[in-house]
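# A look at the structure
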Amino acid sequence: QQPVQSPQAVILREGEDAVINCSSSKALYSVHWYRQKHGEAPVFLMILLKGGEQKGHDKISASFNEKKQQSSLYLTASQLSYSGTYFCGTTPRGEYGNKLVFGAGTILRVKS
Amino acid sequence: DTAVSQTPKYLVTQMGNDKSIKCEQNLGHDTMYWYKQDSKKFLKIMFSYNNKELIINETVPNRFSPKSPDKAHLNLHINSLELGDSAVYFCASSQEVSASRTYEQYFGPGTRLTVT
């Protein structure tokens, strides 16, 4: 079953922060985050495997709450280059390790 | 060097035709995938091959047939194309996966298929 992402879209000014959430109705083994710019391929950001795990990549970080079956992506001090659609991809526990089910995406637009 | 490449980039064809999309990766990965992204940007896995063996086969019409001649290549053949097949098809690859391992996926540039 497809994870639910929120919000559907967000508009920021440069330097502002944003949080994108991803929730699943199933117990999760892993959560992947990808960013896709218009007309381009999705690009990997990070994977979270364990409950409570947090990762960071530049000013983009994420957390995984295993008990709540949800993950959040944090974008701090946003830059114009952060604009794009963010997808979470989840693997329910017991499913094949890379059989990702993607959410519908969150459109992020950063304005100057 | 392009890590994951697809050809063609654009494909415009008529209903009922048969077409193929080719994918190649030079990352040394063992696992390759086909995804379909529809007009609403919904990204859905179709197939996955691990060392030339089909490991994921989602609910896809049997008009779609993947073929992996070797672990660096994964092609997608589509028979009797329908209007609803219009979408962007992405190939991806990753390190070898198992039931207990997961790795980041590297996507190709996509093939935009338009069926008229």
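Our subject is the structure listed above.
Keep in mind that what you see is a predicted model, and the values were worked out from it rather than measured. Along each chain, numbering runs from 1 in the same order as the chain's sequence is written. The order in which chains are written sets their letters, starting at A; the order in which ligands are written sets their numbers, starting at 1. Where totals are concerned, whole chains, interfaces and linings use all residues; where local detail is concerned, this predicted model gives features only for residues with pLDDT of at least 70, and gives and counts side-chain atom pairs only at 80 or more. Values reported for side chains reflect all heavy atoms of the structure, with hydrogen atoms and water molecules removed beforehand.

Here we take up the sheet that holds strand 7 (residues 64-70) of chain B. Residue and element names in this part refer to chain B. Strands pair, by our definition, only if DSSP identifies at least two bridges between them. Note on conventions: DSSP H or I runs of at least 4 residues are helices, E runs of at least 2 residues are strands, and numbering of each starts at the N terminus. Read across the sheet, four strands follow the order 1-3-8-7 without closing on themselves; strand pairing throughout is antiparallel. Among the strands making up the open sheet, the edge pair consists of strand 1 (4-7) and strand 7. Here the average twist between neighbouring strands, direction ignored, is 20 degrees. Bridge analysis of strand 7 against strand 8 (residues 73-78) gives five bridges, and the strand direction is antiparallel. Paired with S65 across the strands is H77, a residue of strand 8. Convention adopted: a line fitted to C-alpha atoms gives each axis, helices being fitted over their contacting stretch, and angles between N-to-C directions are expressed from 0 to 180 degrees.

Below, the discussion takes up unusual backbone geometry. Residues and elements named next belong to chain A. With an omega dihedral of -5 degrees, the bond running from S6 to P7 counts as a cis peptide bond. Position of P7 relative to the elements: it lies in the loop between strand 1 (4-6) and strand 2 (9-13). Look at Q69: it is not a glycine, yet its phi comes out positive at around 55 degrees.

Before going further, it helps to spend a moment on the layout of surface pockets. Of the two site types, the cavity is a set of points on a 1 Å grid over the protein atoms alone where a 1.4 Å probe fits but cannot get out, and the pocket is an open set with protein on both sides within 12 Å along at least five of seven lines, each lined by residues with an atom within 4 Å of a point. Grid points are joined across faces, edges and corners, and a volume is the space filled by probe spheres set on the points. By volume, the largest pocket is sized at about 580 Å³. Lining the largest pocket are 30 residues, and of these Q36(A), H38(A), T85(A), Q37(B) and K41(B) sit closest to its centre. Sorting the residues of the lining of the largest pocket by element identifies strand 1, strand 9 (84-92) and strand 11 (106-111) of chain A together with strand 9 (87-94) and strand 11 (111-115) of chain B as the ones contributing at least two each. For the lining of the largest pocket, the leading source of residues is strand 11 of chain A, giving three residues.

Further remarks concern the state of the cysteines. Residues and elements named next belong to chain A. The disulfide definition used here is simple: a pair of cysteine sulfur atoms within 2.5 Å. The tally for this structure, following the rule as stated, stands at two disulfides over all chains. Each disulfide pairs two cysteine sulfurs, and for C22 the partner residue is C88, the sulfurs being separated by 2.1 Å. Sign of the S-S torsion, about 75 degrees for the bond between C22 and C88, identifies this disulfide as right-handed. Of this pair, C22 sits in strand 3 (residues 18-23) while C88 sits in strand 9, placing them 66 residues apart in sequence. Burial classes: relative accessible area under 20% of the type maximum marks a residue as buried, over 50% as exposed, and values in between as partly exposed (1.4 Å probe, protein chains only). Given a relative accessible area of 2%, C22 falls into the buried group.

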